[in-house]
Amino acid sequence: MPVAGWILLGVIAAVVGVWQYVIHKYTHGPSNCIGCGKCDKTGICILTGKPVGPRRKQDGK
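Figured I'd write up the structure that's included with this text. Source: prediction; values computed, not measured.

It is worth spelling out the overall build of the protein at this point. Counting its secondary structure elements, the protein contains 2 helices and 0 strands. By residue count, 3% of the 61 residues in the protein fall in the buried class. Summed over all atoms, the accessible surface of the protein reaches about 5900 Å², with 66% contributed by carbon and sulfur.

And the structure:
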């Protein structure tokens, strides 16, 4: 029975890892971005003080 528990734990850990990858695969910008939107207006991140590149235009706006 203990071997089955370890196998189940490994499967659950693998599923959680794949799930996290799928969720965060399309994340853009620096990992510390808070999404304030000020860099779109000024071109400079308020957290790092560094210039950011041009943003991709979204359709429908």
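Now that the structure has been shown, we can carry on.
On to the state of the cysteines. Applying the stated criterion to the full structure yields 0 disulfides. Take cysteine 36: it sits in no disulfide, and the sulfur closest to it among the cysteines is that of cysteine 39, at 6.1 Å.

Cut-offs applied
- Residues numbered from 1 in each chain as written.
- Predicted model: local features only at pLDDT ≥ 70, side-chain atom pairs only at ≥ 80, totals over all residues.
- Heavy atoms only, no water.
- Helix = DSSP H or I, 4+ residues; strand = E, 2+ residues; numbered from the N terminus.
- Buried < 20%, exposed > 50% of the residue type's maximum accessible area, 1.4 Å probe, protein only.
- Areas by Shrake-Rupley, 256 points an atom, 1.4 Å probe, with all protein chains shown as cover.
- Disulfide = S-S within 2.5 Å.

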